[in-house]
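If you want the building blocks of each chain, they are given just below.
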Amino acid sequence: NDRRALVAIDLGAESCRVSLLRWLEQGPRIQLVHRFANHAVERADGLRWDLGMILEGLYVGLRQCAEIATEGVRSIAVDGWAVDYVRLDDQGTAIADPFCYRDERTVAAEPVLHERLSAERMREITGLQLLRINSVYQMFADDVEKKKHSWLNLPEYVLHRLGGRAVSELTNATHTQMVGLDGEWSSEIFAVLGQSIADAPPIVPPGTDIGRVQGELAMLPAFENTRLIAPACHDTASAIAAIPDPGDDWAYISSGTWSLVGTQLEAPVNSATAREENFTNLGGVDGTICFHKNVNGMWLLRQCIESWSTKGTTLDLPALVEASMTFGPREYVLNVDDPDLMLQGHMPERINAQLRRRGLAELSTEAKDAAEMASFLFYSLAARYAHVLHSVAEITGKRFRRLYLMGGGSQNEFLNRLTAEATGLEVLRAGTECSTLGNFAVQLATLEKTGETVSRPACVWAASLANAQQS
Ligand code: LFR
């Protein structure tokens, strides 16, 4: 009975977290050891992630874990946002900082790619929501030189840097939009990209042991013989794995930078309506499918706050949520999924540009009216959630009773109330650190495997950790 600790790394577009799961006298305990802010940086060569800063932050967290967990660390697993990738040199290190999926080079790449491979055909092959952020558009935009290099998605890259073999974990691989519904890289799509399939990392299922910690960290006693595990490397799949509900009558909203609105399925649904309504079929844990849609989430308000702060007013999100409650609904809502609103910068003005286009009254863009803008955004998001969930029920034939809210955005009690009202469902909060919880659950399932068989699926392990999270 190995009682060493486990480490989960969760990479977020807004913050990255390193957490420990330890077995204490009172039972299993999850401790957030290190959290640091993350954001994309606008440079002359595009919108990029600062990989050095991210890795440095992770090493700080890992060293702290080694100090705390004197019993040693049994395994480390990494999950994070999907679609962004690192091109590798022959030594397996990054040739440059990776692009952020919001970099605008894909705006031009998208129509050109679809001249060569129609949107309908790409959708048919992959069963995925057509989203400009997907790796497929980014890779298409890369120049010929870059296309000669292999790549790894970010969580898998971090695992590789720690000593693991280079892999592409299935839940994350599907979000590239370069994988067919059979779970393999699509040769048809690779041909259009001008990207050699031989350079693609091998796809492995969530819960794969990919080696042992090596390098400087392995010198620390706590990281002697520490396994590296590819969990559900896609943070959303990881969060869904943390829902401890064996039933079939629930939906989810994973609410962070994005709101992922949908349900878990046993098999993909790529019917005509699923295609028309642009739903996604992403890989999930234990052979499941995450059937959902990317709805523009907290990004909208975060970007407004960012914009007000560049103009000299710093606003605190909880206080803003509180103040927004005094405003009632307007006669109209924002189309939150307008592609223009996925881009960075000038968010209040972008919002008004849409209202103007639609012939609707604009809102004040000034920081002093921030609460009114916030309220408008919350009503608009809740309405969108309800609409999407209605379509999910129609397309899948499911009857929902419960709606699980996960992620940082689920701390917004006002939005939660509006969501409950708009959907008519029982709203349950599954926790704010669900990706971390799912990450640990998949690690446990992997470590307790006999041969290729898991003794218990991830959701059962997640349930066993339900009380482990410290507030
Ligand atoms: C959430 C998330 C979404 C994905 C978007 C981009 O953090 O991973 O699931 O669509 O970020 O990667």
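Residues numbered from 1 in each chain as written. Predicted model: local features only at pLDDT ≥ 70, side-chain atom pairs only at ≥ 80, totals over all residues.

Identification of the chain as Rhamnulokinase from Granulicella mallensis is taken from an unreviewed UniProt entry. In its Sequence similarities (unreviewed entry) section, UniProt records this for the chain: "Belongs to the FGGY kinase family." (UniProt positions renumbered as here; feature names shortened; annotations may be inferred.)

What the chain contains, in helices and strands, is 17 helices and 18 strands. Its C-alpha radius of gyration of 22 Å places the chain within 12% of the 23 Å reference for a compact globule of 471 residues. Taken along its principal axes, the extent of the C-alpha atoms in the chain is 65 × 55 × 50 Å. Burial statistics for the chain: of 471 residues in total, 48% are counted as buried. Counted over contacts in the chain with a minimum sequence separation of 6, partners at least 24 positions apart contribute 75%. (Helix = DSSP H or I, 4+ residues; strand = E, 2+ residues; numbered from the N terminus. Rg over C-alpha atoms; globule rule 2.2 N^0.38 Å. Buried ≥ 20, exposed ≤ 12 C-beta atoms within 10 Å, placed from the backbone. Contact = placed C-beta atoms within 7 Å.)

The next point concerns the site of the ligand. Taken together, 13 residues lie around the ligand, and Trp81, Ala82, Val83, Asp235 and Thr236 are the ones closest in. Those elements that provide at least two residues to the shell around the ligand are α9 (235-241) and β14 (258-265). Taken together, the residues of the shell around the ligand break down into seven nonpolar, five polar and one charged. (Near = placed C-beta within 6 Å. Nonpolar A, V, L, I, M, F, W, Y, C, P; charged D, E, K, R; others polar.)

Take the environment of Gly46 next. Looking at the secondary structure, you find Gly46 in strand β5 (residues 46-48). On the neighbour-count criterion, Gly46 (16 C-beta atoms within 10 Å) is partly exposed. Separated by 56 residues in sequence, Gly46 and Arg102 place their C-alpha atoms 9.6 Å apart.

A word on unusual backbone geometry. Trans is the prevailing form of peptide bonds, just as negative phi is the prevailing case for residues other than glycine. Of note in this structure, Gln177 is not a glycine but carries a positive phi near 70 degrees. With respect to the helices and strands, the residue Gln177 is situated in the loop between α7 (170-174) and α8 (187-193). A positive phi angle, close to 55 degrees, is found at Asn278, a residue other than glycine. Looking at the element boundaries, Asn278 is found in the loop between α10 (272-276) and β15 (280-283). Under the C-beta neighbour-count criterion, Asn278 is labelled partly exposed, with 16 such atoms within 10 Å.

Residue pairs three or four apart in sequence face the same way in an α-helix, which turns once every 3.6 residues. Within the span of helix α15 (residues 413-423), buried status applies to Leu415, Asn416, Leu418, Thr419 and Thr423. Looking straight down α15, one finds its buried side chains confined to an arc of 165 degrees; they lie on one side. Residues of α15 that are buried in the fold lie against α14 (370-396), β17 (402-406) and β18 (426-431). The first or second residue beyond α15 is Gly424, which carries a positive phi of 70 degrees. (Arc of directions from axis to C-beta.)

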